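Chain by chain, the residues:
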Amino acid sequence: MMLFDIFDPKAAPRPVGIDLGTTNSLIAWVNDGHPETVTDCDNEALVPSAVSYDERGNVIVGRAALRRAPLYPRETIVSVKRFMGRGASDPETRRLGPWEFVEPKTDDEAKVVRFRVHERIVTPVEVSAEILRALKRNAEDRLQRVGGVVITVPAYFDDAQRQATRDAGRLAGLEVLRLINEPTAAALAYGLDKKQDGLFAVYDLGGGTFDVTLLVLDQGVFQVRATGGDSALGGDDMDRALAARLLEAMGVGDTGWSPEVVRLALDAARSVKHGLTDREAVEIELPKVAGGEVVVTVTRDELDALVRPIVERTGVVCRRALKDAGVTAAQLDGVILVGGSTRVPFVRRYVAELFGREPLADIDPDQVVALGAAVQADLLAGEGAKQDVLLLDVLPLSLGIETMGGVVEKVLARNTTIPAGARQVFTTYADQQTGFELHVVQGERELAADCRSLARFTLKGIPPMPAGLARLEVTFRVDADGLLQVSAKETTTGVEQAVVVKPSYGLDDAQVEQMLLDALDHGEEDLSARRLVESKVEAERVVRATAQALAVDADLLEGDERAAIDAALAAVRAAVDGSNASRVRSAMEALDHATHPWAGRRMNRAVSRAIEGRRLGEVEGAVASAQGVEAHLEAHGHHGDPQ
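Residues numbered from 1 in each chain as written. Predicted model: local features only at pLDDT ≥ 70, side-chain atom pairs only at ≥ 80, totals over all residues. Heavy atoms only, no water.

A. Just helix α8 (residues 345–355), in detail. In terms of burial, α8 is largely enclosed, as 8 of its 11 residues are buried. Buried within α8 are the following residues: Pro-345, Phe-346, Val-347, Tyr-350, Val-351, Ala-352, Leu-354 and Phe-355. Its buried side turned inward, α8 meets β12 (198–205), α5 (235–249), α7 (300–325) and β17 (334–338). (Buried < 20%, exposed > 50% of the residue type's maximum accessible area, 1.4 Å probe, protein only. Helix = DSSP H or I, 4+ residues; strand = E, 2+ residues; numbered from the N terminus. Contact = heavy atoms within 4.5 Å.)

Here it is as structure tokens:
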């Protein structure tokens, strides 16, 4: 019997939580009191945080974008989270990667990273908005209407990075209710699921960022005691370290790394890293620069040695957070693992040694952040049954004002519970001074030059007075998202000015609003174009795979199968040249039908070769491998892939 989902078109929009990750992103909602992730048509919850731009200006997101990466490395942007809120001169933009960065010509351009793809220039905010749009579409397929959204950010994201994330949500057409720190979201999901109180450390190592948060769970109150981290540390760094080793084996020198070679090495490194999660050694075949191929064997011990310096950097942060909270590792009731990079065996061993206990990972570390964000969205929207839950988060970095000599006077210290406000009084340095120039900074260093500049503004109109008589009252207010508002008032005259600290990273309000209007005006047109592009991308991949298979196993064809396959291939190619997505899908289905019997014979040949002259144990292994081939064929049969 077939079951149908029935939707009420007048039903209220559903609040959702989004984990906008470096490697993968997820969207979740609360269903009958329990958070769950939204899956796509392939029943996958994880959406790769990859965006590819083709030469016709179309945008491809997710797994389809990842498939384009080896052929179009410059035009396929991954790990964009590491570039959010960063300037063009930031060292992060100069690390190993295949992209082309636009060199800034002005000071304003230097405040933001820009990628050049074909003739187009895009910012990290725009790339992230495409990922968020894809997540929103997945949720609308399930929920019909998406309401307010809670988006998670690393606890150590500064004001610029948080504002960039919020604007990416706005650009994607989302109503962003709140930004919530990822470790706090994970603790929320864990605490409500396990109903366990106590003092916990959340160790969050993702693809591009690391956070550690110490918080107390007490009868529905989640109070953060201390937080720390590094917004440029994660699994990507492990991949880069291993990729450098693979490039050396390929005979690639220190110069002349083409985008294609870099993309190949990074993808191979990630594949090896994943393989070593449950194996002691992994072999991978790579092309050599001088011609031919080389088989590289990487052992788990070698990977451990490569990632050790990276993982040990997290230990420094963890020890500092323990000190800030005034507790020892022995006083913790548990350590919660979050982030895909915590699956690396060395990471888990290191965490166990660092905290003196086995960490908790019984909730999927890839999903726990999104689940917690969904719970928070449900509560903020007034939908949740657990209205007694209270989140008390903290500032990750101190906020202050630059004073004479470039020294920073901290107004709000790090680990202050938010929302928060504070006020300090300053005075003039010189006689007859008629104005104050205020420079707002964020960081822990004593000199403004060593901290992150957030904003500058001037308070004018103060009557001339001797030095030290004027009184400038500066007020900082930080909202629940961790975003800052600053006001300044000269108390003797009442002259006042306020500024919402919104760092510049390439998009101002007018640009964001215009992009939103453009998205609304061309919504249906863009959706149709997206479906056509995705169909063409998949069709081109299947055509290449079929041609490769024909070159290897054409002798297995029977009767007029070759003619039927050639005709089906020609039909697919013709459909790809057109502009009808339905025609492309129909042509692919016809190709699938034409290649199906031949694909079965190819599988049988693979099995026969695998078991020939083997012992029983070896045969069992070969049979298991063949079953994997069959499963792969089934999974790709819809696309006519004859692998």
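We are not done yet, so read on.
B. How the structure looks around the nonpolar core. Residues Tyr-203 and Phe-355 are the most contacted members of the largest nonpolar core, which totals 50 residues. In terms of residue count, α7 provides more of this core than any other element does, 9 residues in total. Apart from residues no more than four positions distant in its own chain, Phe-355 is found in contact with Ala-201, Tyr-203, Cys-318, Leu-322, Ala-329, Leu-332 and Val-335. Formed by 49 residues, the second largest nonpolar core is a distinct cluster that contains Leu-20, Ile-27, Leu-174 and Val-537. (Core = buried A, V, L, I, M, F, W, Y, C linked by side-chain atoms within 4.5 Å.)

C. Up close: empty space enclosed by the protein. Applying the stated criterion across every chain, the model contains 6 cavities of 30 Å³ or more. By volume, the largest cavity amounts to about 120 Å³. Lining the largest cavity we find 12 residues, and of these Ser-79, Asp-236, Arg-263, Leu-266 and Arg-270 sit closest to its centre. Of all the secondary-structure elements, those providing two or more residues to the lining of the largest cavity are α5 and α6 (259–275). Here the element with the most residues in the lining of the largest cavity is α6; it accounts for 4 residues. Split into classes, the residues belonging to the lining of the largest cavity amount to 4 nonpolar, 2 polar and 6 charged. As a volume, the second largest cavity reaches approximately 100 Å³. The wall of the second largest cavity is formed by Arg-67, Arg-68, Leu-71, Tyr-72, Val-537, Glu-540, Arg-541 and Arg-544. Mapped onto the lining of the second largest cavity, the elements with two or more residues apiece are α1 (63–68) and α11 (523–553). Take the lining of the second largest cavity: its biggest share by element is 4 residues, from α11. (1 Å grid on protein atoms, 1.4 Å probe; cavity = no way out; pocket = protein on both sides within 12 Å on 5 of 7 lines; lining within 4 Å. Points joined across faces, edges and corners; volume = space filled by probe spheres on them. Nonpolar A, V, L, I, M, F, W, Y, C, P; charged D, E, K, R; others polar.)

D. Layout of the packing of aromatic side chains. Summed over all chains, the structure comprises 7 aromatic pairs. Seen in terms of ring centroids, Phe-83 and Trp-99 are 5.9 Å apart; in terms of plane orientation they differ by 85°. Their pairing is edge-to-face. Of the two residues, Phe-83 sits in the loop between β7 (76–78) and β8 (115–117) while Trp-99 sits in the loop between β7 and β8, which places them 16 residues apart along the sequence. Ring pairs connect the aromatic residues Phe-83, Trp-99, Phe-101 and Phe-115, which therefore count as one cluster. Arg-68 extends its terminal NZ or CZ atom over the ring of Tyr-72, reaching a point 4.2 Å from the ring centre. Across from the ring centre of Trp-598, 5.6 Å away, lies the NZ or CZ of Arg-602, which sits over that ring. (Phe/Tyr/Trp six-rings, centres within 6.5 Å; stacked < 30°, edge-to-face > 60°. Lys NZ or Arg CZ within 6 Å of the ring centre and 35° of its normal.)

E. Local environment of the packing of helix α2 (residues 124–143) against helix α3 (residues 159–171). Two numbers describe how α2 lies on α3: the axes approach to 8 Å, and their chain directions differ by 55°. Between α2 and α3, the angle is such that the two are oblique. In this structure, α2 crosses over α3, and the sense of that crossing is right-handed. In this structure, α2 uses Val-125, Glu-126, Ser-128, Ala-129, Leu-132 and Arg-133 to contact α3, whose residues at the interface are Ala-164, Asp-167, Ala-168, Gly-169 and Leu-171. (Axes fitted to C-alpha atoms, helices over the stretch in contact; angles between N-to-C directions. Parallel < 35°, antiparallel > 145°, perpendicular 65-115°, else oblique. Left-handed = near helix turned anticlockwise from the far one by under 90°.)

F. A look at the sheet that holds strand β6 (residues 59–61). Spatial ordering of the open sheet is given by β6-β5-β7, a layout of 3 strands whose pairing is antiparallel. Two strands lie at the open edges of the sheet, namely β6 and β7, each paired on one side alone. Across the sheet, the mean angle separating the axes of adjacent strands is 20° when strand polarity is ignored. Bridging between strand β5 (residues 50–53) and β6 involves 3 bridges; their strand directions are antiparallel. Following the sheet pairing, Tyr-53 is matched in β6 by Val-59. The sheet strands contacting α2 are β5, β6 and β7, and the helix crosses β5 at an angle near 110°. (Pairing = 2+ DSSP bridges.)

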